[in-house]
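Structural overview
Chain by chain, the residues run as shown.
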2 protein chains.
Amino acid sequence: MTTVGFIGLGIMGGPMAANLVAADFDVVGHNRSPAKTERFVARGGRGASSVEEAVKDADVVATMLPDSPDVRAVLTTVFDHARPGTLVIDFSTIRPDVAADLAAEGAERGFRVLDAPVSGGEQGAVDAVLSIMVGGAAEDFEAARPVFDALGRTVVHVGPTGAGQTVKAANQLIVAGTLELLAEAIVFVEAHGVDTAAALKVLGGGLAGSTVLERKGGAMLARDFTPGFRVELHDKDLGIVTAAAREAGVVIPLGAAVAQLVASLRAQGDGGLDHSALLKLVAQLSGRPGK
Amino acid sequence: MTTVGFIGLGIMGGPMAANLVAADFDVVGHNRSPAKTERFVARGGRGASSVEEAVKDADVVATMLPDSPDVRAVLTTVFDHARPGTLVIDFSTIRPDVAADLAAEGAERGFRVLDAPVSGGEQGAVDAVLSIMVGGAAEDFEAARPVFDALGRTVVHVGPTGAGQTVKAANQLIVAGTLELLAEAIVFVEAHGVDTAAALKVLGGGLAGSTVLERKGGAMLARDFTPGFRVELHDKDLGIVTAAAREAGVVIPLGAAVAQLVASLRAQGDGGLDHSALLKLVAQLSGRPGK
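Small disclaimer: the values here were computed from a predicted structure and weren't measured.

Glancing now at the overall build of chain A. On a plain count of helices and strands, chain A comes out with 13 helices and nine strands. Expected size for 291 residues packed as a compact globule is a radius of gyration near 19 Å; at 20 Å, chain A falls within 12% of this value. C-alpha extents for chain A along the principal axes are approximately 65 × 45 × 35 Å. Buried residues in chain A amount to 58% of all 291 residues. Intrachain contacts of chain A at a sequence separation of at least 6 include 66% that bridge at least 24 residues. Here chain A contributes 25 positively and 34 negatively charged side chains, and the mean placements of these two sets differ by 5 Å.

All names here are of chain A. Segmenting chain A into domains produces domain 1 (3–161) and domain 2 (166–285). A separation of 29 Å is found between the C-alpha centroids of domain 1 and domain 2. Overall, the association of domain 1 and domain 2 removes approximately 970 Å² of surface from exposure, summing both partners, and the carbon and sulfur fraction of that is 66%. Broken down residue by residue, the surface that domain 1 buries against domain 2 is led by T93, P96 and M133, which jointly contribute 45%.

This paragraph deals with the nonpolar core. Core analysis: the largest hydrophobic core is formed by 103 residues, its most contacted members being V167 of chain A together with V167 of chain B. The contacts of V167 of chain B, once residues within four sequence positions are left out, are V189, V194, A199, V202 and L203 of chain A together with M133 and V158 of chain B.

So, about the interface of chain A and chain B. Note: interface size is frequently given as the accessible area lost on complex formation between the parts. Facing 65 residues of chain A, the contacting portion of chain B comprises 65 residues. Both sides together, the interface formed by chain A and chain B hides about 5300 Å², and carbon and sulfur atoms give 75% of it. The largest contributions to the chain A side of the interface with chain B come from F188, L207 and L254 of chain A, which together make up 15% of the buried area. Counting the contacts that link chain A with chain B gives zero salt bridges.

As a further point, take the UniProt feature "domain: 3-hydroxyisobutyrate dehydrogenase-like NAD-binding" (unreviewed entry) in chain A. As annotated in UniProt, the feature "domain: 3-hydroxyisobutyrate dehydrogenase-like NAD-binding" (unreviewed entry) corresponds to residues 162–281 of chain A in the numbering used here. Between the first and last C-alpha atoms of residues 162–281 of chain A the distance is 33 Å; the span itself is 74% helix and 0% strand.

Once turned by 180° and shifted 0.0 Å along the axis, chain A lies on chain B with an RMSD of 0.0 Å. The superposition operator between the copies reduces to a two-fold rotation axis. Among all C-alpha atoms of chain A, that of S210 of chain A lies closest to the rotation axis, at 1.9 Å. In this assembly, 100% of the residues forming the interface of chain A have copies in chain B that are likewise at the interface, indicating an isologous arrangement.

Here the focus is the packing of aromatic side chains. Given two aromatic rings, their pairing is described by the distance between the two centres and the angle made by the two planes. Going through the model one piece at a time under the given rule, you end up with eight aromatic pairs over all chains. Relative to F148 of chain B, the ring of F141 of chain B lies with its centre 5.9 Å away and its plane at 35°, an arrangement referred to as tilted. Here F141 of chain B matches F148 of chain B in class, with each residue buried. Through pairs of rings, three or more aromatic residues link up here, namely F6, F91, F141 and F148 of chain A.

Here we take up helix α1 (residues 13–22) of chain A. Residues spaced three or four apart along an α-helix point in a common direction, a consequence of the helix completing one turn every 3.6 residues. Residues and elements named next belong to chain A. Along α1, nine of the ten residues are buried, which leaves the element largely enclosed by surrounding structure. Among all positions of α1, only G13, G14, P15, M16, A17, A18, N19, L20 and V21 are buried. Of the residues trailing α1, D24 is marked for its positive phi of about 70°.

A few words on the pairing of strand β9 (residues 152–159) of chain B. Along a regular strand, successive side chains alternate from one face of the sheet to the other. Residues and elements named next belong to chain B. As paired elements, strand β8 (residues 130–135) and β9 share six bridges and run parallel to each other. Across the sheet, the residue bridging to I132 is V155, located in β9. Viewed along the sheet, the connection from β8 through helix α7 (residues 138–149) into β9 turns out right-handed.

Here we come to helix α7 (residues 138–149) of chain A. All names here are of chain A. An ideal rise of 1.5 Å per residue puts 16 Å on twelve residues; α7 measures up with 16 Å between its terminal C-alpha atoms. Taken as a whole, α7 has its buried residues at D140, F141, A144, V147 and F148. In an axial view of α7, the angular spread of the buried residues amounts to 95°, which keeps them on one side of the axis. Its buried side turned inward, α7 meets α1, β4 (60–63), β5 (87–90), β6 (112–115), β8 (130–135) and β9 (152–159).

Now for the pairing of β8 of chain B. Residue and element names in this part refer to chain B. With respect to burial, β8 is a largely interior element, six of its six residues being buried. Alternating residues of β8 divide into L130, I132 and V134 and S131, M133 and G135, and every residue in both groups is buried. Note: strand β7 (residues 118–119) against β8, two bridges, orientation antiparallel. From the neighbouring strand, S119 faces β8, where its bridge partner is S131.

Attention shifts here to the packing of helix α8 (residues 163–191) of chain A against helix α12 (residues 253–270) of chain A. All names here are of chain A. As a packed pair, α8 and α12 sit with axes 9 Å apart at the nearest point and diverge in direction by 70°. For the element pair α8 / α12, the angle class is roughly perpendicular. Mapping the contact onto sequence places L173, A176, G177 and E180 in α8 and G255, V258 and L261 in α12. For the contact of α8 with α12, the residue count by class is four nonpolar, two polar and one charged.

What follows covers the pattern of salt bridges. Residues and elements named next belong to chain B. Within this structure, the stated rule accounts for 28 salt bridges over all chains. The salt bridge involving R145 is made with E142; its shortest N-O contact spans 3.9 Å. Here R145 and its partner E142 are both found in helix α7, three residues apart, which amounts to about one turn of the helix. Among the residues examined, R145 registers a relative accessible area of 27% and is labelled partly exposed. Using a relative accessible area of 47% as the deciding quantity, one classes E142 as partly exposed. As a salt-bridge pair, D235 and R266 come within 2.7 Å of each other at their nearest N and O atoms.

Cut-off values and rules
- Residue numbers run consecutively from 1 along every chain, following the written order of its sequence.
- For naming, the first written chain is A and the first written ligand is 1, with later ones following in the order written.
- Local features in this predicted model are restricted to residues whose pLDDT is 70 or higher, and side-chain atom pairs enter the listing and the counts only when it is 80 or higher, whereas totals over whole chains, interfaces and linings include all residues.
- Processing note: side-chain calculations cover all non-hydrogen atoms of the structure and skip hydrogens and water entirely.
- The numbering of helices and of strands both runs from the N terminus, where a helix is a DSSP run of H or I of at least 4 residues and a strand a run of E of at least 2.
- Atoms counted for the radius of gyration: C-alpha only. Globule rule: 2.2 Å times the number of residues to the power 0.38.
- Residue exposure (1.4 Å probe, protein chains only): buried if accessible area is under 20% of the type maximum, exposed if over 50%, otherwise partly exposed.
- In what follows, a contact means two residues having at least one pair of non-hydrogen atoms within 4.5 Å.
- As used throughout, the charge tally considers Lys and Arg to be positive and Asp and Glu to be negative, leaving His and the chain termini uncounted.
- To locate a charge, the coordinates of NZ of Lys, CZ of Arg, CG of Asp or CD of Glu are taken.
- What fixes the domain bounds is an automatic or database domain assignment.
- When two components associate, each loses some accessible surface as probed by a 1.4 Å sphere; the sum of these losses over both components is called the buried area.
- Definition of nonpolar core: a set of buried residues of the types Ala, Val, Leu, Ile, Met, Phe, Trp, Tyr and Cys, connected through side-chain atoms within 4.5 Å.
- The term salt bridge refers to a pairing of a side-chain nitrogen on Lys or Arg with a carboxyl oxygen on Asp or Glu at a separation within 4 Å.
- UniProt positions are given in the numbering used here, feature names are shortened, and annotations may be inferred rather than shown by experiment.
- We place the copies in one frame by least squares, fitting the C-alpha atoms of every residue whose pLDDT is at least 70 in both.
- Stacked, tilted and edge-to-face pairs are distinguished by plane angle, under 30 degrees for stacked and over 60 for edge-to-face with tilted covering the rest, among Phe, Tyr and Trp rings (Trp via its six-membered ring) whose centres lie within 6.5 Å.
- Think of it this way: DSSP has to see at least two bridges between two strands before they count as a pair.
- Whether a crossover is right-handed comes down to one check: with the strands pointing away from the viewer, does the path from the first strand over the helix to the second run clockwise; if it does, it is right-handed.
- For a helix, the expected span equals 1.5 Å multiplied by the number of residues minus one.
- Relevant arc is that of directions from the helix axis to the C-beta atoms, nothing else.
- Here an axis means a line fitted to C-alpha atoms, over the contact stretch when the element is a helix, while the angle between two N-to-C directions is reported on a 0 to 180 degree scale.
- We call two directions roughly parallel when the angle between them is under 35 degrees, roughly antiparallel when it is over 145, roughly perpendicular when it lies between 65 and 115, and oblique otherwise.
- Note that Gly is not counted as nonpolar here; it falls among the polar residues with everything else outside the nonpolar set of Ala, Val, Leu, Ile, Met, Phe, Trp, Tyr, Cys and Pro and the charged set of Asp, Glu, Lys and Arg.

This is how it looks when you write it as C-alpha cells:
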C-alpha cells in the first residue's frame, strides 16, 4: 500500500486527500489549522500534527497550499524529514520559477519533484475530475500516475519542472480575459436594449463560444457572483502570470490589462466574490452600477 | 413563388443567394462587378444589371455588402424602386445606429426592414449553417423565417432594429479578444519551453476552453494564417464596436486594447491574413518574430 503524506487540507486539498483515501491509498494528512486535520480523520484519513510527522514514512508527499512562500516553507521541511527517493507532488498554483528552483533543490537532495497545478475548482476536486498540468521528468510523471488518476480526468505531462505552473498561468490569463470580454459584451448589449439571453444563445453557438460563457453566462446575467473561484485568488494568480511573462520577456497586452481590472475589483472590496464579478466592475466603469 | 432581389454576390452573398435558389426561391441577383452576377446566373439564378432592376418586382430584398456607406447607398435606391410593403433584410455587418436609422427611414416609406448580420464565415455560408442575429419587429422576423431557414442553423431574434448589429458587434469583440488571449498564452508557454500541443490540450479541456481554441489553436501553433476571416475586415468591425460602445457610454478596456492590436496588424501590412495572425503580432512585440 502506498503511503501519501498530504499537506494542506483546505477547499481543494481536503477533497483531494479524501479521494486518495477512497482510492485505497494510505493517507497521512496535515493542516496548519487542526480543525481541518480532524475533519480529514473523520473522513477516514490518518492525521498528523506536523509536516515532519506527515512525511517521514511517506512514499509520496503531496502539497496543496495557497502561494509560493507556503510551498517553499513546507518543501524545505519535507526535504529535511522525508526519505530521499520520495516522490514530491506540488498541486499548488505558484510561480513557475519558484517551482523549478524547488524541484532543483529537491533533486540535489535525492527527491523526485513534480509541479502539478490543477484546474476545475472545488467541484472538480470533489468529483475527482480535475485537469492536472504536470511539469517534471517523464519517469516521475509515470510513477505518479496512480495518484493523478485518483484525482483528475485530464492529466497531461506538459514539459520539464515548472512547465505545469507555466501552463496553469496561461490558463489563468485566458480565463480572466475571457470573463472580462464576456462582461464587456454583456454590458454593451444591455446598454443597447437587446434581449441579452437571446444574445448569449447566439453568441455561444458561434466562434464567440467558450466554456466561460457556457458555465458563467447565466449567473452573470442574474448578477449572481457567489464563488466559485474568488477574485482574490485570481488576483494572486495574475501576479504570477505578469511576473512570469516579464521574466520571459513576453508582452501580454490583454493579460496585463485584465490583471489591473481584477486588482481593482479586489481593491474595491470584492475579493471574496466569484471572478465573474468583473461584470460588476465593467458596469461600474460604464456608470451603470445599478444594472 | 417568393421573388428575392439579392444585392451583393461576394464571398458571403454569392453562396447565400445560391442557397436561396436551391431552396426554390426565385432569386434576381445583382453585383457591382458584373462577373459575380454572371457567376450567379451560371449557378441557376437570374441576373440584373442594376439595383433598381433587381428589386422592382421583389417580395423580399436581401443585401450583403462590405460596410455602412454601401448599405446606405443601396437601400436608398431600394426605397425608391421596390414596392412598398417589401421585406428588406440586410445581412451586412454595419453600425447599429446606421441600421436603426435605415430601418426607420424604410418604415416611413412603407418598408419592413430587418438587420440580420451573420457569423460562420464563407464555409458557413456555403453549408447554409450560419448563425443569424436578427433585429426588427417580431412579425417581420416571422415573415422572413423561410429565408433565414434556407441560410442558417442558429437564427435568433434578439430585439428591435439595430439589435442584430449590436449582438454582431459583441460577437466580434469577443472573438478578437479570445484570439488575442490565446496568442498571448501560446507565446508565453513557448517562451518557457513547454510542450505547446500538450498545453493546448489541457487548456481546451478546462475553463480556458473556447471555440476559437478548438478551431484555430492548431493552425496558430503551425503559424498558418491562411484566411478564413481577414484582419482588415475584423479591423473594420472593431471600429464599429468601439464607436457603438462610445455612443452608449460603455467602457470596454479589453475591447479597446484588442482593437488597437488588430489595427497595428493591419497597419503593418498583414490585413490580408487570417485574424489569428494576432499571434504574429504578440511574437513580434515580444522580440520573437522568427518563432
